[in-house]
Structure formats: structure tokens, C-alpha cells
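# Chain and residue survey
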Amino acid sequence: MAYEYIKVEPDPPIATITLDRPKVLNALSPAVIAEVGQALSELDADDAVRAVVITGGPKVFAAGADIGDMAERSAAEQLNRDQTGAWSPISGFKKPLIAAVNGYCLGGGCELALMCDVIIAGDSARFGQPEINLGIIPGAGGTQRWPRTAGKFAAMEVMLTGGMIGARRAYELGLANKVVPAEMSVAVAQRMARQLAEKPPVAVRLAKESVQKAFETSLAEGLAAERRSFYFLFSTDDQKEGMRAFLEKRKGVFKGR
Ligand code: CAA
């Protein structure tokens, strides 16, 4: 499919999605989110792709939802169109999703990064939730994912002040897995995506699902779900291959079944 606001580059076993609306710092209009959602849905269904990188390119990740699109909307309009409900193909993506973040990563842009599984921050990255300055609060998960990621007090600080934090502080808070020179962030994310693409895909999917569950259920329910997935994986060829390969001192080759 042809896209207007994003670039999608499949390079099996990975793919890279680049937000491409530079004039407005990759502001995430409903059309942009629809395209990202469509691309991710297609990549989820494509067995040749096992991990995806999402980036805004070398200068900016995304400066948030499109303020021009929202400024004059009524509450009823926002409720009826469910602006941020359209983000669910992103949060629901089942394969590893790695964000390569450079420059501004604000508002909905930061919430998009927080929906990913790994964040590689370029040293120019600046994270924040400036919604408070617009008379709103984050609406795509920011108030929930920030405290679960960086703790209550950092979350309160960014949410209430609307200020930004740099890449190093984000790393210290656990909001970024690595900080690298900005020009390397996409390549580092792609290298990691290739590493993940070599792992057994069913186990990768269930590992992602299990970690996500930790944020959504009680410990007892999470442990029970983990145990079910653990036992289930013994029905896959990849488990047999993985364990035999270990015993035979060779590298496992995984087929995703
Ligand atoms: N929506 C729409 N347009 C935006 C935008 C946004 N979120 N962010 C930047 N732009 C546009 C600017 O209007 C400007 O357009 P023009 O050239 O046509 O005037 C262009 O991008 C460049 O921006 P600036 O001139 O402002 O660039 P700067 O370097 O001086 O400042 C910035 C950069 C600090 C990121 C500043 O643009 C800014 O504060 N942007 C808004 C950030 C924000 O408030 N994000 C939250 C949005 S609400 C949200 O995301 C809700 C949600 O939870 C889903």
C-alpha cells in the first residue's frame, strides 16, 4: 500500500517505519496514526517480518498529536471519533517494536514511544508530555505508562510541568534502553531488531505478551498466564529445535511453529 505520511521499508526479517511529516515535526494527525496502524497490521500478518523499527528519522521523533486537528473540537466530537482509540493497532502489535528516537518526542509522540518494547534514544532525544500547557492531559496512555515505566515522581514532574527530559535522564529513569549518537540510533535499533528476528517467533510473541500482562493484571494472574504460555511452548517445533541445538552445541534455526 502507498502511504502519504510514513515510509515503510520491509527488509526481511525486519521492517522500518519512518514518520514523514517533517514540516510539522511529524505531528501525529489521525491520518498519520491510521497509516502507522495499517502498516503495523500488515507487518503483523507478514510471516517474513519478525521485528519492526519505528522512527521519525535523524532530527525529530514526533512533537505530539496534531494540535491543528484538535484545537476546535468539542468533547462530543472527540468522544465519538475516539481519537486515541485508533492507536490500538500500535499498542496491540504482537511482534517486537523498537523505537529509534531522536529530537523531540513529545505528547502523543512520547506515548507512541512508550507503546514500543524497546527505546533506543539518540543523544538529541527530548521526552515530554506538554499537554498540560494546552489545557489537556495525555490521551494515548501517557499518564498510565509513564508511572509504570519511570515511577510516580518522574511521571508527575513531566505531566504537571509539561517540561522535557533529555536522553541521559530518560535512560536513568528506565525510559530508554540505550543512548547512542543520534545518527546511529536507527542503525542500532535495526541491529537489535535483526537479533530479535533470529529468536523463536512464538516464544518472542508470548514473552512480549507476558511482560505486557505484568502491567495489566495481579501478580497471581500474571504468574498463572506465564506458566500456561511456558507449558504451551513445549508444543512448538522451535522448543524442540532450541533445546536440541543447545545439547548438540549448534545454533538453533527457528521456524515459528
Ligand atoms: N501539532 C501540530 N503542529 C505542530 C506540532 C503539533 N503537535 N508541533 C509542532 N508543530 C508545527 C508548528 O506549528 C510549526 O508549524 P509552522 O512552521 O507552520 O508554524 C512547525 O511544526 C515547527 O514547529 P515550531 O516552529 O514550533 O518549532 P520549534 O523548534 O520552535 O519548537 C516544539 C518545537 C517545542 C516541539 C514546538 O513545536 C511545540 O511545542 N510543539 C507542540 C508540542 C506539544 O504540545 N505536543 C503535545 C500535543 S497534544 C497530544 O499529543 C495529545 C495526546 O496525548 C494524544
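Refer to the structure printed above.
Everything in this summary refers to the structure shown in the same document. Small disclaimer: the values here were computed from a predicted structure and weren't measured. The numbering scheme is per chain: residues are counted from 1 as the chain's sequence reads. Local features in this predicted model are restricted to residues whose pLDDT is 70 or higher, and side-chain atom pairs enter the listing and the counts only when it is 80 or higher, whereas totals over whole chains, interfaces and linings include all residues. No hydrogens and no water enter the side-chain calculation; it runs on all heavy atoms of the structure.

### Quick notes on the overall build of the chain
Summing up its helical and strand segments, the chain has 12 helices and nine strands in all. Taking 2.2 N^0.38 as the reference for a compact globule, 257 residues should give roughly 18 Å; the C-alpha atoms of the chain span a radius of gyration of 19 Å, in line with that estimate. If one aligns the C-alpha atoms of the chain with their principal axes, the spans along those axes are about 60 × 40 × 40 Å. In the chain, once contacts between residues fewer than 6 apart in sequence are set aside, the share between residues at least 24 apart is 66%. Total accessible area computed for the chain in this model is approximately 13500 Å², and 57% of it derives from carbon and sulfur atoms. By the counting rule applied here, Lys and Arg register as positive and Asp and Glu as negative, while His and the ends of each chain are not counted. Taken as the charge centre is NZ of Lys, CZ of Arg, CG of Asp or CD of Glu, depending on the residue. Of the side chains in the chain, 31 bear a positive and 30 a negative charge, and the two mean positions are spaced by 7 Å. Working definition: helices are DSSP H or I runs of at least four residues, strands are E runs of at least two. Numbering for both runs from the N terminus. For the radius of gyration, the atom set is restricted to C-alpha positions; the globular benchmark scales as 2.2 Å times the number of residues to the power 0.38. Any pair of residues with heavy atoms lying within 4.5 Å of one another is described as a contacting pair. Areas reported here follow the Shrake-Rupley algorithm with a probe of radius 1.4 Å; residue values treat only the protein chains shown as occluding.

### Some remarks on the pattern of salt bridges
Whenever Lys or Arg places a side-chain nitrogen within 4 Å of a carboxyl oxygen from Asp or Glu, that contact is recorded as a salt bridge. The full count for this structure, using the stated rule, is 11 salt bridges. A salt bridge links Asp69 to Arg73, with the nearest nitrogen and oxygen atoms 3.0 Å apart. The rule is simple: take the accessible area with a 1.4 Å probe, protein chains only, and divide by the maximum for that residue type; under 20% is buried, over 50% is exposed, in between is partly exposed. Its relative accessible area of 31% is what places Arg73 among the partly exposed residues. Between Asp237 and Arg257 there is a salt bridge, with the nearest N and O atoms lying 3.6 Å from each other. Residue Asp237 is located in helix α12 (residues 237-247), and its partner Arg257 is located in the segment after α12; the two are separated by 20 residues in the primary sequence.

### Examining the nonpolar core
Grouped together as the largest cluster of nonpolar side chains are 46 residues, with contacts concentrated most on Val52, Ile90, Val101, Phe127 and Trp146. For this core, the element with the highest residue contribution is helix α1 (residues 30-45), accounting for six residues. If near-sequence neighbours (up to four positions away) are discounted, Ile90 is found in contact with Ile33, Val36, Leu40, Leu97, Leu112 and Met115. Residue types Ala, Val, Leu, Ile, Met, Phe, Trp, Tyr and Cys, when buried and joined through side-chain atoms within 4.5 Å, form a set referred to as a nonpolar core. If you look at the next biggest cluster of nonpolar residues, it comprises 12 residues, including Val53, Ile98, Ala189 and Ala193.

### Quick word on the packing of helix α6 (residues 142-150) against helix α7 (residues 152-161)
Every angle, taken between N-to-C directions, lies between 0 and 180 degrees, and every axis is a line fitted to C-alpha atoms, over only the stretch in contact when it is a helix. As a packed pair, α6 and α7 sit with axes 7 Å apart at the nearest point and diverge in direction by 140°. Comparing the axis directions of α6 and α7 gives the class oblique. As α6 runs across α7, the sense of the crossing is right-handed. Contacts between α6 and α7 involve Gly142, Thr143, Trp146, Pro147 and Ala150 on the former and, on the latter, Lys152, Ala154, Ala155, Val158 and Met159. We call Asp, Glu, Lys and Arg charged. Ala, Val, Leu, Ile, Met, Phe, Trp, Tyr, Cys and Pro are nonpolar, and the rest, Gly among them, are polar. Split into classes, the residues belonging to the contact of α6 with α7 amount to seven nonpolar, two polar and one charged. Should an angle lie under 35 degrees it is considered roughly parallel, over 145 roughly antiparallel, and from 65 to 115 roughly perpendicular; all remaining angles are considered oblique. If you view the pair so one helix is near and one far, a crossing is left-handed when the near helix is turned anticlockwise from the far one by less than a right angle, and right-handed when it is turned clockwise.

### What about the packing of aromatic side chains?
In this analysis, rings of Phe, Tyr and Trp, with Trp reduced to its six-membered ring, are considered paired at centre separations within 6.5 Å, and the interplanar angle assigns stacked below 30 degrees, edge-to-face beyond 60, and tilted for intermediate values. Evaluated as defined, the whole model comprises two aromatic pairs. On the basis of an interplanar angle of 55° and a centroid distance of 5.5 Å, the ring pair of Phe230 and Tyr231 is categorised as tilted. Residue class for Tyr231 comes out exposed when judged on its relative accessible area of 54%. Ring centres of Phe230 and Phe234 lie 5.3 Å apart, and the angle between their planes is 75°; this geometry places the pair in the edge-to-face category. The structure contains a cluster of three or more aromatic residues connected by ring pairs, namely Phe230, Tyr231 and Phe234. Criterion for a charge above a ring: Lys NZ or Arg CZ within 6 Å of the ring centre, and within 35 degrees of the ring normal. The cationic tip of Arg21 hangs over the ring face of Tyr5; the distance from NZ or CZ to the ring centre is 5.5 Å.

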